[in-house]
Each structure stands twice: as C-alpha cells, then as structure tokens.
Amino acid sequence: METLQVNRKKIEKLSTVLNNSRIKIFEYLVDEDTLVVYNNKFHIEKTIAGYMDYIDNKSKIHPEDREKIKQIYKEAKEATVEIREFGEDGDIKHSVLEFTKIVNEDGKLTLIGSTRDITEQRKQEKKLKERARKDSLTGLYNQVYGKKCINKYLNRKKPFDSCGMIVLDVDCFKLVNDNYGHLFGDKVLARLAMLLKEVFRDNDSILMRAGGDEFVIFVKDILNIELVRKNVELMQKIRDLQFGKTGCTITCSAGCCYLPENVSGYTYDQLFENADIALYKAKERGKNCYVYCDSLQHFSSMIAEQEKQEEMLEARYFQNDIVATAFEIFEKTNNFEVAIHLLLKVIGVRLELDRITIVQTDIKAREIYSDYQWNREGIPKVLETVRHFDKEDFLTVFNDFDENGVLVLQHDHMQRYSESATKILIQGEAKTIVSVAMYCEGRYTGAITYAVCKEKRSWSNEMLKQLSEVTKIISAHFAKNQVMNHVYQGAITRMEHDTLTGLISFARFHEEVERIILANKTSDYMMIYMDFENFKYFNYKYGYTLGDQVLKDFCSFIIGKTEEKHNLYFTRVVSDQFLMFRTASHEKDEYQAIIEETEKINEEFMLRQKEKFPKSNVVLRTGIYYVTPECRSTSYAIDAANYVRQKVKGGEKGSVRFYDDEMQKQRELENEIVNDMKEAMEQKQFKVYFQPKYSIKSHEITGAEALVRWERDNGTVLSPNAFIPVYENNGKIIELDFYVFETVVEFIAENLKAGREQVPISINASSLHASDPQTINTYINILKKYSVDPTMVEIELTETAVVSEYESVRKLFDSFQLHGIKTAMDDFGSGYSVLNTIVDIPVDVIKIDRGFITSCLETDRGIYFLKHLIDMIRNLGYQIICEGVETDEQIEILRQIGCDEIQGYWYSKPLKMEDYKELLQTEKISKGGAKHPNRQKILRYILGNENLKERKIQ
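Just so you know, these numbers come straight off a predicted model, no measurement behind them.

## Digging into the nonpolar core
Formed by 81 residues in total, the largest nonpolar core has its most connected members in Phe686, Tyr727, Leu736 and Leu894. Ranked by the residues each element gives to this core, the list is headed by helix H24 (residues 733-754), at 11 residues. In this structure, Phe686 is in contact with Met677, Ala680, Met681, Val708, Arg709, Trp710, Phe723, Tyr727, Leu736 and Tyr739, ignoring residues within four places of it in sequence.

Structural data, given as structure tokens:
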C-alpha cells in the first residue's frame, strides 16, 4: 500500500496539523518486523526491514532507551513513551511516541504510531528547573537544591570516600551595603560567587548560597591536606579582590568540617552545624580567617538518648522482647564483659541460633577479628585469628546491606561473592547468617553475625528489624566500653583536625603513621620535626593573632613546597611545632642534598616573614629522622626527630640536622642519664662541689656557690652540662635541685654543730619550680628539718629562665624573700640583658656573666660601659658578683671599675666538700685573717706586677 485510505481533503487538513504540531506517523508490521514511516502527505517516506536489529545497530535512539522501545514493539502493546535520539549535530532530541494496536483483515497485528518532537519543550522545562535550582543573583545552587544534592551524596558515600564542607560568611557585610548601597552589595556577592567557581572548578564540588552573605562549599572525594590548600588559596584570593575605583575590599570568615573515609551516617544539617560552630569561632578570633571544627562529636547518638530515657524493666530476660531485654541487661549489669556475654547467650537461646560473633573491622588495615563470641555447645568457633579482606570484596558486602544495615546470607546462594569473600562470610559450618552492620558516630566499625549451622532459615522482616535494633544497642555500648579503655581506634572524643591550621590532629597522625610502621613499610619514609625558635617572643611583640597567622602561613607554605600528596601526613603537634611523615629514598649520600633543600625552604619562609615583620626574628629549626626497619613505633620516630631538632642551634644557616650515628650515641648516653638517676641518688653519686666567692677589696670569702658533679660507679665524672639539660627537658631537674639543696643545708648544719664559721651558699634552681605552688614549702621544710636559718642560703636562677618565665618567677622569688631566703639572677648579660627585669623581679644579687665580662674588657668602650652598668646596678641596691674571672688583668680592671665580689678560677676552682671545709677553717671569712690558698697571686696583685699595665678607666 502506498497511502493510508483517507479522503483527500481530510489529508490536506491533517497534513497542516501534523506540520504545525511536528508530528510524524508510522506503522510497525509485527509479524514482518518492518517499520513504515509516512510523510505529512501520508506517502511512504521509508521502509525499514529487520527493525529490531536496526534499533540496536543503526538507529539514532539513545542506548539507554532502546530496550524499552523494543519491548513495546515485541509485545505489540498500546503505550505512550518518551525517548531520546541523537540529532545530526549530535544534540539530544526528545520525542513522545504513542502506539495503537490494530488487527488487519488478514489477522496480522500492526502498531500504528505517532512521534512528536518535544525537544524545545524539554529545553524550556530544563531552563525552568535550573532556574528553580539556582540562586538568581549568584548562579550558585540555592539552599533547597544544594542541600538535596549534598544529602544525596552523603547517603551514597562509600567507606573509602572522604569529603569536606566550608561555610563562608562575608565579614561586616552590612557595612558594605550601608556605605556603598545594596546594588553594590549584590555585585560583591556575585563577584564572590565567581571566585568560588574559579577556586573549586577542578573539584567535584557543590556550591550554594545558603542565604544573605553566607555560602556553602561542599567538596567530594578530597584529601584533607588538599582541602587545607583550597582554604588558604580561597582566603587569599578573597583578600585580593578589587572592586573598581571604589576602594572597597572584603574579607571572609570560614568554618570547615571534614568527613574522613570510613565515616558515614551524617546529614547536611549535621555537617553544617559543625562547620557553623567553626565559623563562629573564626568570627571570635577576629574574622578574616578560617577555623576547622575539632571533631564530629556535636551530635550524640540516637541510641544513647534512648538508653537514658528507657524505663527500668522488671520482667525477666525471656519474657520481654529482645530489644527490651538488651536494655535491661546493660542497665542492670555494671560490668560490660559480663553484660555482653549474658546478652549474646540470651539472644542465641531465644532465637535458637548456633553462634553469634561480634566482628570488628579495621578498614585501613583491611582486617577483621573478634573478641566476643557465643557458641552453642558443639558449634565450632570462628575468627580465632585475624583475617584479611580485599577492598573490592568489602565494597560488595557493604553495598548489600539494606537500609537497616542488615544482610541475609545463605550458604548455597553465594554466587555474587568471590571465593575469598565466601570463605570469610560463611564460616564454621554456617548455613544461614544474618549480618548486621555496627556504626559508632557514623563510623563503620564492623558487624554482628547471627549464624544458624544446622539448617537454612528464613527470617521475617519483623525479626530482622529487631536484630538491627539489638545490634545498635550492642554497638553503642561496645564503642563506649572501647573508648573507656582507650582501645577504640576511632576514639569519639579525640580531635580529628587542628582548629587553627586544618591539618589532621596529632592523635590521628600518630594512628596513621603507626599503621605504616607496624606494617614494615617504612624503608622509604622520613619523620620531619619543625618548630620556631623562641616563637613566644614573636607572640609577645606582635600579638597572638598575628602569631597564629604566621603558623597558618607556614602550614600553607610547606604544603605548597611538598609535591607528594597521597603519602603525606602533616600535623601540628602543639603551639609552633609541626610534624611531617613523608616518602623519601633511604640513601645516606642524599642527606646533604636534603639538608640543603630543607634549609633553602626554611630560609625562603624566614625571609618572607622578615619582609612582613622587619623587627622580628622568625627562626626555623628542623630535625629529620630516616625511618629504618629497626624502628618499631611512631613514638620512637617522633622522639628521634624531636631529639635532633632540639640539638639544632637556630640561625639562617645550619637550621636542619639529620639523626645520625653520633646522635644515636649521644641519645643513648642521655637515656642512661635518665634511667640511672634514681640509683645515682640512692648511692649518692651526685657530689656537691663548692666554688667560693671573694671580696675584690679584702680578699675575704663572702660566700660560695654549690655545683654538682656526677661521679659514676664506672669511674667517669660527668659535668653539669652533660646531665642538667637532660633533666631540664624531662622535669627530673626538680628532684635533683631538692637533692642538692638538702645536701647543702645538711652541710651547713654539720658546720654549725661543729662550731665552724659560715658564709651563705647559693644553690641553682630550675624555672620549672615556678609552676609548682608547693615549691616554697619544700624548701622551707628542708631548712626546718636541719634547723638552718634561711639567710644562710641563696637561690639562683639564670637570666634566661627569669625572662622566659617572668610572671611565675617573680612570684616564686617573692615567696623566697618573704621567708628570708636571698635570691640571685645568674648569667646576667648572657642572653637578653633586659634591664627592666632586674627592677621588677625581686632579686638581691646580680651575677654578671663571664662571657659578657670578657667581651666588655676587650675594648676601652666596653670597659666604660661595664663600669657604668655596675654603678647603675649597685645604685639600684643590688649586690654584684662578677663570674668567671681568670686573669690578673681582669682582676685589676674590675677592681678599678668598682666590682664588689669575684667568683672564678683566679681565686679558686670548684672544690670538693672536704676541701671546702678545710678552706673555711684556714682562710679569711668575712673580716677574718685566714691564710689564702692563692697567697702568692694576691701578693703579686697587691704589690703590683710590672708586667701588668694599668689601664686608665675614664
């Protein structure tokens, strides 16, 4: 047939309608598998035989729509369907097809159909839909649709995925509107939106305007360190925004929330709430900054709330439903171990199970194991050792959990799973297993498996729901117990991120690195410990806000200089100290190259800070430890890197050191010093020496300083420099200080009892005492124990300690003086020479440092300065002692410029206790006439030495 049998005039009318409506007519001959297409005049336009094959191989129908259209043709059914086709230009065309079934006179089926082009209609609908999704001002998603997209992602988030949310707010935006008008304010928001699209264009991001001047950025599948980098980049670009000739600039504050891998169960509202809390903290810190929320712990679990509200149940375990029984057992049993074993047994007996296993899962290590299991008599135990699984197997199982976290497995229907997965899932002769997922704070922690071994079993939806609820209760108590015992690796209460920099927290850093080290995969890693030398003085000078900004800049700078992203762990330990664990080839001949590269990076950053803060002296120190196979813990690697960092003397050069064999030997010695201290005290290996002080005019002994030496049982003698710094670092110096003080006080008491003449003895003390309010009581109690007058002792602290712990030291010295104990500032001029310190700190004695004296005595100008310094200090009412005097020339000059007392080798080296006793019995004390051990030297000094040229003091 060539045309449909229709009246000619009607054909013309129909043709006009078809043209205007963009409708085409066709028929499909079912038995012949042939499609006949007609033009608008109802003449045959084309005939396609073997149409089913044509659809698959030659048609322009979209592949996703081919099956549904073939189904209609095969079944010859009446229907209306929409399909997509590719146009000549490759664009997608949309058409609606309507089919009517007709039986011909010969009994054959024919489908009469029409196709109408609705492409323009769909385009308009799409535009309207996009308009409904987008914010009209910024072009970003509006709050409703953006929230929907984020929740969709979160609901489908896989265990190995991670994401982050940033809530951004324009600082003082009301002032922008007030000063420049609302139209300009709208331009600012539109420009900011363009910037967000620019910064996050390479990421799979959802950008939305949450309302007003607040924006939400949600980034999928991003590493935490990359999110930090994006934050830094965004904040800087916002500061650089220019708005024509208006002179207007803006800043923003941001709150960031990061959801790491293996954490799920969170919604948009929960993440927003956490990020919003961080935003509020950023506003509190003075705006123009970002803050990371510390952890995702602002939402307590639903189960925990239900536990609190559940009423006390009095019915016995086998009378109530299982959920009520679980609550009762945990509420009435204080011991978790007893409760969990009892509950598993009750469930097993009531449900006629053969085995219940709490399966704990370590996603990172890809391991499963079990610490709790109930077995019916005669049923074998499972998971008695740690088992490993593949990532693909885990994802398959994880995706099979239903909306209640339940998965039912039958032993003879495991075709979906690999052989290795089946061996793990179906163990111990199990026929049917119900596996219910366990979560804690959104983190997948494992599953509880309820096994039947004797036969296959079908489960009702109601019973599966009850098992799901019971598992949630067990999971909540299980996690709580793990946290209480510090075992649960995903500890709920820990901070996941550093709020200042956005880096991962130190606790999480330690956990991640520990996994690598314990897996013996550390031959290509190194631990880097970085800090700023005396950063507290920068904070004092410029304030903590700028100090925090320097730390954030450092974090961003180091990230930018580090090419490695995936095998990089970076954290802030505390204050201005940072740790990095990164890959590196382990070749000793590369040490120097790495040192030079790191020093170059340090110098570049220090130079940048010098340009910003010309009066500052930001100095970096870096210690590096190559992680060897012998290293068995993260703590050891950190300690090694930290140890070598502490040995670095700050400066623009040589600010980087490696932990080498020499360091190892030195550290071993220090470990011996630490470990042997208690035994050394018990055996009195610490010996107190006394170095006398003399009047430069009368050459009488005016006092002495107690010094300590360690005479070890192997015959070696350690000077204070070998062990005092070690004990300062670990806090044991306090014990040693009290030990020395009591030895001195006991010595004074013995002399008093023997009737010998006495002079005050000064004893060094650590600034660590200043932080302990009981310090003064301990000193006074020792004096009372031996009935020694407080005026017979004097406490010395170094100038460095006084300045660094100014307030606490001032209070401590106040307490000493209140109880009659004299105080002294040792090593004055060695470091800071802060003159106002000696005015404000309650000290009686100023001891001028040996190095300072030597330096001053080298030139006439130095001598002049030292003379006037001594005059000024004396006029302020302080007693002055010059330390480290060794030469005749020094003695003569110090006499001329008016120094009162001298301590040094010119008079006497430090003496053992027995020698000092003899000295007190034979030499001048105060105004006595004792013989001096250095008589010849003093006589030469008094009579004059022709080789000693007197220098005129101006």
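Having seen the structure, we can now continue with the description.
## Digging into the sheet that holds strand E13 (residues 367-375)
The six strands lie next to each other as E14-E13-E12-E17-E16-E15, forming an open sheet whose pairing is antiparallel. Looking at the sheet topology across the chains shown, the edges are occupied by strand E14 (387-388) and strand E15 (406-410). By the bridge criterion, nine bridges tie strand E16 (residues 432-440) to strand E17 (residues 443-452) in an arrangement that is antiparallel. Bridging from a neighbouring strand, Cys440 pairs with Arg443 of E17. Relative to the sheet, helix H12 (residues 336-350) contacts strand E12 (355-362), E13 and E17, its axis offset from that of E13 by approximately 70°. Relative to E15, helix H13 (residues 391-400) is tilted by about 110°, and along the sheet it contacts E12, E15, E16 and E17.

## What to know about the packing of aromatic side chains
The tally for this structure, following the rule as stated, stands at 52 aromatic pairs. With centroids separated by 6.2 Å and ring planes inclined at 85°, the aromatic side chains of Phe160 and Phe394 adopt a geometry described as edge-to-face. Of this pair, Phe160 sits in the loop between helix H5 (143-156) and strand E7 (163-170) while Phe394 is found in helix H13, placing the two residues 234 residues apart along the sequence. The exposure class assigned to Phe394 is buried, which follows from its relative accessible area of 8%.

## Side note on helix H9 (residues 268-284)
Structural remark: α-helix, 3.6 residues per turn; residues separated by three or four positions point the same way. The end-to-end C-alpha distance of H9 is 24 Å, a good match for the 24 Å that 17 residues give at a rise of 1.5 Å each. Turning to H9, its buried residues number three or more, namely Tyr268, Gln270, Leu271, Phe272, Asn274, Ala275, Ala278, Leu279 and Ala282. Against the buried residues of H9 lie H5, E7, strand E8 (205-211), strand E9 (214-220), strand E10 (252-259) and strand E11 (290-292). With its phi angle positive at about 105°, Gly286 sits one or two positions after the end of H9.

## Digging into a positive patch on the surface
Among the surface-exposed residues, Lys129, Lys148, Lys152 and Arg156 lie close enough to one another that they form a single positively charged patch. Counting residues per element, the positive patch draws most heavily on H5, which supplies three residues. With respect to the element layout, Lys129 can be found in helix H4 (residues 119-133).

## Observations concerning the pattern of salt bridges
The final tally for this structure, using the stated rule, is 46 salt bridges. Glu604 is the partner of Arg608 in a salt bridge, and the nearest nitrogen-oxygen pair spans 3.3 Å. Linking Arg608 with Glu604, this pair stays in helix H19 (residues 591-612), spanning four residues, or about one helical turn. Exposure remark for Arg608: the relative accessible area of 41% places this residue in the partly exposed category. Judged by relative accessible area, Glu604 falls into the partly exposed class, the value being 26%. Linking Glu883 and Lys847 is a salt bridge whose minimum nitrogen-to-oxygen distance equals 3.4 Å. A residue pair is termed long-range when its members are at least 10 positions apart, and Glu883 in strand E30 (residues 879-883) and Lys847 in strand E29 (residues 845-848) qualify at 36 residues. For the residue pair Glu883 and Lys847, the accessibility class agrees, reading buried in each case.

## Quick word on the pairing of strand E28 (residues 822-828)
Here E28 lies mainly inside the structure; five of its seven residues are buried. Sheet topology places strand E27 (residues 793-798) next to E28; five bridges connect them, and they run parallel. Each residue of the ladder has a partner; that of Leu797, found in E28, is Met825. In the sheet, E28 pairs with E29 via three bridges, with the strands oriented parallel. The partner of Met825 across the bridge, within E29, is Ile846.

## Remarks on the sheet that holds strand E6 (residues 109-117)
The strands making up a sheet associate through hydrogen bonds between their backbones, and the pairing can be parallel or antiparallel. Taking strand neighbours across the sheet as the criterion, the six strands line up as E3-E2-E1-E6-E5-E4 in an open arrangement whose pairing is antiparallel. At either end of the open sheet lies a strand with only one pairing partner, and these are strand E3 (44-49) and strand E4 (79-86). Along the sheet, successive strands turn relative to each other by an average axial angle of 25°, direction set aside. Of the strands in this sheet, strand E1 (23-29), strand E2 (34-38), E4, strand E5 (92-103) and E6 are in contact with helix H3 (residues 63-75), which crosses E4 at around 145°.

## What to know about the pairing of E2
The element E2 is extensively covered by neighbouring structure, given that five of its five residues are classed as buried. Neither face of E2 is left uncovered, since the one carrying Thr34, Val36 and Tyr38 and the one carrying Leu35 and Val37 both have all their residues buried. The loop that links E1 with its antiparallel partner E2 comprises four residues; one of these, Asp33, has a positive phi angle of about 50°. Across five bridges, the pairing between E2 and E3 is antiparallel. Bridge assignment links Leu35 to a residue of E3, and that residue is Ile48. Counting the residues between successive antiparallel strands, the hairpin from E2 to E3 contains five residues, one of them, Phe42, with a positive phi of roughly 70°.

## Topic: the packing of helix H6 (residues 173-180) against helix H7 (residues 182-199)
Packed helix pairs are characterised by how far apart their axes lie and by the angle those axes make with each other. Direction vectors running N to C along H6 and H7 enclose 135°, while the axes themselves pass 7 Å from each other. One way to sum up the angle between H6 and H7 is to call them oblique. Touching Phe173, Val176, Asn177 and Tyr180 of H6 are His182, Phe184, Gly185, Val188 and Leu189, all from H7. Its residues placed into classes, the contact of H6 with H7 shows six nonpolar, three polar and no charged.

## Things to note about H12
Here H12 spans 21 Å end to end across 15 residues, near enough to the 21 Å set by a 1.5 Å rise per residue. Taken as a whole, H12 has its buried residues at Phe336, Ala339, Ile340, Leu343, Leu344, Val346, Ile347 and Gly348. Two residues or fewer after H12 comes Glu352, characterised by a positive phi angle close to 55°.

## A short note on the environment of Phe86
Looking at the secondary structure, you find Phe86 in strand E4. Beyond its immediate stretch of four places on either side in the chain, Phe86 contacts Lys60, His62, Pro63, Asp91 and Ile92.

## Quick look at the confidence of the model for the protein chain
Residues of the protein chain with pLDDT of at least 70 account for 87%, and the chain-wide mean is 82. Within the protein chain, the element-level pLDDT minimum falls on helix H10 (residues 302-309), averaging 31, and the maximum on E9, averaging 95. Taken together, the stretch residues 485-494 has pLDDT below 50 and engages in 21 contacts with residues farther than four places along the chain or on a different chain. A low-confidence stretch, residues 927-954 (pLDDT under 50), is modelled with 58 contacts involving residues beyond four sequence positions or located in other chains.

## Things to note about the environment of Arg350
Of note, Arg350 is situated in helix H12. We classify Arg350 as partly exposed; its relative accessible area is 28%.

## What about unusual backbone geometry?
One non-glycine residue with positive phi stands out, namely Ser575, at about 50°. In this fold, Ser575 is placed in the loop between strand E19 (569-574) and strand E20 (577-583). With phi around 55°, Ser787 is a residue other than glycine that occupies positive phi space. On the secondary structure map, Ser787 appears in the loop between helix H25 (775-786) and E27.

## What about the packing of helix H16 (residues 506-518) against helix H20 (residues 634-646)?
Their axes nearest at 9 Å, the elements H16 and H20 cross at an angle of 110°. Between H16 and H20, the angle is such that the two are roughly perpendicular. Together, Phe506, Phe509, His510, Val513, Glu514 and Ile517 of H16 and Thr634, Ser635, Ala637 and Ile638 of H20 make up the contact between the two elements. Taken together, the residues that form the contact of H16 with H20 break down as six nonpolar, three polar and one charged.

## Describing the side chain of Thr115
You can see Thr115 is positioned in strand E6. If near-sequence neighbours (up to four positions away) are discounted, Thr115 is found in contact with Arg22, Ile23, Lys24, Phe26, Ser95, Val96 and Leu97.

What counts, and where the lines are drawn
Residues numbered from 1 in each chain as written. Predicted model: local features only at pLDDT ≥ 70, side-chain atom pairs only at ≥ 80, totals over all residues. Heavy atoms only, no water. Core = buried A, V, L, I, M, F, W, Y, C linked by side-chain atoms within 4.5 Å. Buried < 20%, exposed > 50% of the residue type's maximum accessible area, 1.4 Å probe, protein only. Helix = DSSP H or I, 4+ residues; strand = E, 2+ residues; numbered from the N terminus. Contact = heavy atoms within 4.5 Å. Pairing = 2+ DSSP bridges. Axes fitted to C-alpha atoms, helices over the stretch in contact; angles between N-to-C directions. Phe/Tyr/Trp six-rings, centres within 6.5 Å; stacked < 30°, edge-to-face > 60°. Expected span 1.5 Å × (residues − 1). Patch = residues over 30% accessible without salt bridge, like charges linked within 9 Å, V, L, I, M, F, W, Y side chains within 5 Å. Areas by Shrake-Rupley, 256 points an atom, 1.4 Å probe, with all protein chains shown as cover. Salt bridge = Lys/Arg side-chain N within 4 Å of Asp/Glu carboxyl O. Lys, Arg positive; Asp, Glu negative; His and termini not counted. Charge placed at Lys NZ, Arg CZ, Asp CG, Glu CD. Parallel < 35°, antiparallel > 145°, perpendicular 65-115°, else oblique. Nonpolar A, V, L, I, M, F, W, Y, C, P; charged D, E, K, R; others polar. pLDDT = per-residue confidence, 0-100.

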